[in-house]
Amino acid sequence: MAKRSKNELLVVDGYNVIFGTPRYKELADEPEPGSRDGDPFERARDMLVGDVAAFAQGRYDPVIVFDAAGNVNPEHPELRRAGVRMIFSPTGVTADSVIEKLVTDCRREMREVTVVTSDNAIRATVGGIPVTRISSSMLAHEIDTLDAEREVDVTDRSHGRLTVEDRLDPKTLAALNALLGR
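Residues numbered from 1 in each chain as written. Predicted model: local features only at pLDDT ≥ 70, side-chain atom pairs only at ≥ 80, totals over all residues. Heavy atoms only, no water.

### Regarding the nonpolar core
Here is step 1: If you look at the biggest cluster of nonpolar residues, it comprises 26 residues, and the most contacted ones within it are Val12, Ile18, Leu48, Ile64 and Phe66.
Here is step 2: Elements with a minimum of two residues in this core: strand 1 (8-13), helix 1 (14-20), helix 3 (42-56), strand 2 (60-66), strand 4 (84-88) and helix 6 (136-159).
Here is step 3: By residue number, the principal contributor to this core is helix 3, which donates six residues.
Here is step 4: Non-local contacts of valine 12, meaning those with residues more than four positions away in its chain, are made with Val17, Leu48, Val52, Val63, Ile64, Val65, Val116 and Leu139.
Here is step 5: In this structure, Leu9, Val11, Val115 and Val131 belong to the second largest nonpolar core, which totals 16 residues. (Core = buried A, V, L, I, M, F, W, Y, C linked by side-chain atoms within 4.5 Å. Buried < 20%, exposed > 50% of the residue type's maximum accessible area, 1.4 Å probe, protein only. Helix = DSSP H or I, 4+ residues; strand = E, 2+ residues; numbered from the N terminus. Contact = heavy atoms within 4.5 Å.)

Structure below.
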């Protein structure tokens, strides 16, 4: 039997985030050249999955819920990529209903959950303890911040020497120098 994580569940309203933020919306305008099924949302979903994986970073168990009614191919199975579970609502079931069920399950388990959506109906329905709500634009802002921090880290690494000596804390370095007679 698989061990269940006790991390907080992060539930992302996929198409709400894609249509609600320029970061993803511009990728949803047309299918990616060479796309398997002409799905105009493939690139936006791929970017969102990568961003949610980076945002979750071991703190959350991330799941993105997509409404199959807004999809070219509504018969997607549940998928997992980069540690992110993707759920496409079944035909005739809205993503809102899937999100509400996930939140209800968390409440029964007394598990914390964060829901990312700007849909006021969902925000009102799932609100309350132990649910935290984050708007789609706030998630995009947090991801932009992560991207900027990552860029600074890459720049810093490319300008410095990465020797063992550079990576040791001062106390350990002093002990090593004493052993080496320096």
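Picking up after the structure, the text goes on.
### A few points about the environment of aspartate 61
Here is step 1: Note on placement: aspartate 61 falls in strand 2.
Here is step 2: Separated by 50 residues in the primary sequence, aspartate 61 and valine 11 have C-alpha atoms spaced 8.5 Å apart.
Here is step 3: A polar contact of 2.5 Å, which involves the side chain of aspartate 61, links it to the side chain of arginine 111. (Polar contact = N/O pair within 3.5 Å; in protein donor to acceptor, adjacent residues only side chain to side chain.)

### Quick word on the side chain of aspartate 51
Here is step 1: With respect to the helices, strands and loops of the structure, aspartate 51 is situated in helix 3.
Here is step 2: Taking the relative accessible area as the measure of exposure, aspartate 51 reaches 9% and is therefore buried.
Here is step 3: Filtering out sequence-adjacent residues up to four positions away, aspartate 51 remains in contact with Arg23, Tyr24 and Ile143.

### Looking at the packing of aromatic side chains
Here is step 1: Under the criterion given, the structure shown has six aromatic pairs.
Here is step 2: Consider the rings of tyrosine 15 and phenylalanine 19, whose centres lie 6.2 Å apart with planes at 35°: the pair is tilted. Taken as a pair, tyrosine 15 and phenylalanine 19 lie in helix 1 at a separation of four residues, close to a single helical turn.
Here is step 3: The buried category is assigned to tyrosine 15, whose relative accessible area is 7%.
Here is step 4: Ring geometry for phenylalanine 66 versus phenylalanine 88: centroids 5.1 Å apart, planes at 25°, classification stacked. Here the residue phenylalanine 66 occupies a position in strand 2, and phenylalanine 88 occupies one in strand 4, the gap between them amounting to 22 residues.
Here is step 5: With a relative accessible area of 7%, phenylalanine 88 lands in the buried category.
Here is step 6: In this structure an aromatic cluster arises from ring pairing among Tyr15, Phe19, Phe41, Phe66 and Phe88. (Phe/Tyr/Trp six-rings, centres within 6.5 Å; stacked < 30°, edge-to-face > 60°.)

### Things to note about unusual backbone geometry
Here is step 1: The backbone of glutamine 57 shows a phi angle near 35°, a positive value even though the residue is not glycine.
Here is step 2: Its location among the elements puts glutamine 57 in the loop between helix 3 and strand 2.
Here is step 3: Under the relative-accessibility criterion, glutamine 57 is labelled exposed at 56%.
Here is step 4: Positive phi, close to 55°, is recorded for alanine 82, a residue that is not glycine.
Here is step 5: Relative to the helices and strands, alanine 82 resides in the loop between strand 3 (79-81) and strand 4.

### As for helix 3
Here is step 1: For helix 3, built from 15 residues, the straight-helix expectation of 21 Å at 1.5 Å per residue is met to within 8% by its first-to-last C-alpha distance of 21 Å.
Here is step 2: Taken as a whole, helix 3 has its buried residues at Glu42, Ala44, Arg45, Leu48, Val49, Asp51, Val52, Ala54, Phe55 and Ala56.
Here is step 3: A positive phi of about 35° marks glutamine 57, the residue just after helix 3. (Expected span 1.5 Å × (residues − 1).)

### Some points on the sheet that holds strand 6 (residues 131-134)
Strands belonging to one sheet form pairs held by backbone hydrogen bonds; the direction of such a pair is parallel or antiparallel.
Here is step 1: Taking strand neighbours across the sheet as the criterion, the six strands line up as 3-4-2-1-5-6 in an open arrangement whose pairing is mixed. Both outer strands of the open sheet, strand 3 and strand 6, are each paired with one neighbouring strand and no more. In this sheet, adjacent strand axes meet at a mean angle of 25° when their direction is disregarded.
Here is step 2: As defined by bridge partners, strand 2 adjoins strand 4 across four bridges and the pair is classed as parallel. For valine 65, the partnering residue across the bridge sits in strand 4 and is isoleucine 87.
Here is step 3: Each of strand 1, strand 2, strand 3 and strand 4 is contacted by helix 3, which is oriented at about 160° to strand 2, the strand it contacts most.
Here is step 4: Contacting strand 1, strand 2, strand 4, strand 5 (113-116) and strand 6, helix 4 (residues 95-109) runs over the sheet at an angle of about 155° to strand 2. (Pairing = 2+ DSSP bridges. Axes fitted to C-alpha atoms, helices over the stretch in contact; angles between N-to-C directions.)

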